[in-house]
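Observations on the model geometry
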Amino acid sequence: MTASKDGLYLGLISGTSADGIDAALVRFTNGLPALVAGITHPWDETLRRRILAVAQDEVRLDLDEYGRLDVAVAHAFADAAQAVLETAGVAAGDVIAVGSHGQTIRHRPVGDLPFTLQIGDPSVIAERIGIDTVADFRRADVAAGGQGAPLVPAFHATVLRPEHGARVVLNLGGIANVTRLSADGHVTGFDTGPANGLMDAWCLRHRGEAFDRDGRFAASGHVDDELLAQLLDDPYFALPPPKSTGREHFHLAWLDMHPRVADLSPEDVQSTLLAFSAHSVADAIALHAADATDVVACGGGVHNTALMQAIASRLEGRPLHVSSAFGIDPDGMEAMAFAWLAYRRLRGEPGNLPAVTGASGPRLLGAVYAAPQDRSRLL
């Protein structure tokens, strides 16, 4: 394995909310990333509903349906890659590699046979866009005893490390995760619980809309303290890091198990879900990053004004910034991270942080799926 040269990489990811495919074209110069172009490519709504039904454990797939979904997601990812290339006016031949996270449909890193499963066949992506594609980033970490998540803290340390003291980077996707960064280079991180995922699912059920724009649905209701206490009593929150979670745990069926839900109006439940996300995030920061002097937020949740206000009000004086204040597009952070992971894979460098995931050691993450043309110089 020879180290790859700096240049253009393309990152792709759809998070647990499946609210769109984030695509980022990133240029690496002396190892440092700079965003060239970023977009969020919309899902076909029928395909999105199929993904969410599977991710929320609402349906069971036979092997034929699983195979079709794997390929359908791959074509959607290839469409997103082509769209960002067109936006940037960049030819596929100018890109060294794609880092494709895929779409997580199940994440069970604890148990007798731990596993994590992302779909979106990388061979289809490589064939469609003609660029070597690195994918399947999480399973090597799980095989080494890790959670396989979160992986983004290592990238946070590259672009947002503080000069002094400690900082928290807060990613508000379907699931929220926090990264604690210190000036001495120490990094920790874990999933705190739901951010947008439950609110999105509840909004879709009762409003027919994929997400709660600006938190207006939540703002129209009132927090129910009894339900909030029940939700915060979930055993996940008492687990020590390393830990990770997803829609296979925090989904609508889980919410419906709480009898209090049936007694409340939809808007009151939505308001309580927003408070649930804010409380669980702030509690995690207070417990595991009490020395942090500021919090930098990224991910789709930064656009939910009500959620950001609720989190800020519970941070005990720590300012809450959006990553754009540091020159990083909050919508492109995770896609940039998977471009960076592809960059590291082709350099033969580990992509995980055992202190974050709990793996037994650093691991080379991802497998390379070659494009049709000869690009063996990268392998």
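All values derive from a computational prediction rather than experimental measurement.

**Looking at the packing of helix H1 (residues 45-55) against helix H2 (residues 63-88)**
- As a packed pair, H1 and H2 sit with axes 11 Å apart at the nearest point and diverge in direction by 130 degrees. One way to sum up the angle between H1 and H2 is to call them oblique. As H1 packs across H2, the resulting crossing turns out to be left-handed. Residue-level inspection shows Leu-47, Arg-50, Ile-51 and Val-54 of H1 in contact with H2, the latter providing Glu-65, Arg-68, Leu-69, Ala-72, Val-73 and Ala-76.

**Things to note about unusual backbone geometry**
- Between Ala-149 and Pro-150 the backbone carries a cis peptide bond, its omega angle lying at -15 degrees.
- The topology assignment puts Pro-150 in the loop between helix H4 (139-143) and helix H5 (153-159).
- The amide bond that connects Pro-241 to the next residue, Pro-242, takes the cis arrangement and shows omega of 0 degrees.
- As for its position among the elements, Pro-242 is in the loop between helix H8 (225-232) and helix H9 (252-256).
- In this model, Glu-316 sits at a positive phi of 55 degrees, which is unusual for a non-glycine residue.
- For Glu-316, the position within the fold is in the loop between helix H11 (305-312) and strand E11 (320-322).
- Glu-316 sits in the exposed class, given a relative accessible area of 64%.

**A closer look at the sheet that holds strand E10 (residues 295-298)**
- The five strands lie next to each other as E9-E8-E7-E10-E11, forming an open sheet whose pairing is mixed. Single-partner strands in this sheet number two, and they are strand E9 (187-194) and E11. Neighbour to neighbour, the strand axes of the sheet diverge by 25 degrees on average, direction disregarded.
- Bridge count between strand E7 (residues 166-172) and E10: four bridges; the pairing is parallel. Its bridge partner being in E10, Asn-171 is matched across the sheet by Cys-298.

Definitions and limits used
Counting restarts for each chain, with residues numbered from 1 along the sequence as it is written. Local features in a predicted model are, by the rule used here, given only for residues with pLDDT of at least 70; side-chain atom pairs are given and counted only at 80 or more, and totals for whole chains, interfaces and linings are based on all residues. Excluded from the side-chain calculations are hydrogens and water; all other atoms, namely the structure's heavy atoms, are used. Here, axes are lines fitted to C-alpha atoms. For helices the fit covers the stretch in contact, and angles between N-to-C directions go from 0 to 180 degrees. Secondary structure elements follow DSSP: runs of H or I of four or more residues count as helices, runs of E of two or more count as strands, with numbering from the N terminus. Comment on the angle field: the value is read as roughly parallel under 35 degrees, roughly antiparallel over 145, roughly perpendicular from 65 to 115, and oblique elsewhere. The hand of a helix crossing depends on one turn: near helix anticlockwise from the far one by less than a right angle means left-handed, and clockwise means right-handed. Residue contacts are defined here by distance: any two heavy atoms, one from each residue, within 4.5 Å place the two residues in contact. Per-residue accessibility, obtained with a 1.4 Å probe over protein chains only, is compared with the maximum for each type, and a residue is labelled buried under 20%, exposed over 50%, and partly exposed between these values. Here, any two strands with at least 2 DSSP bridges between them count as paired.

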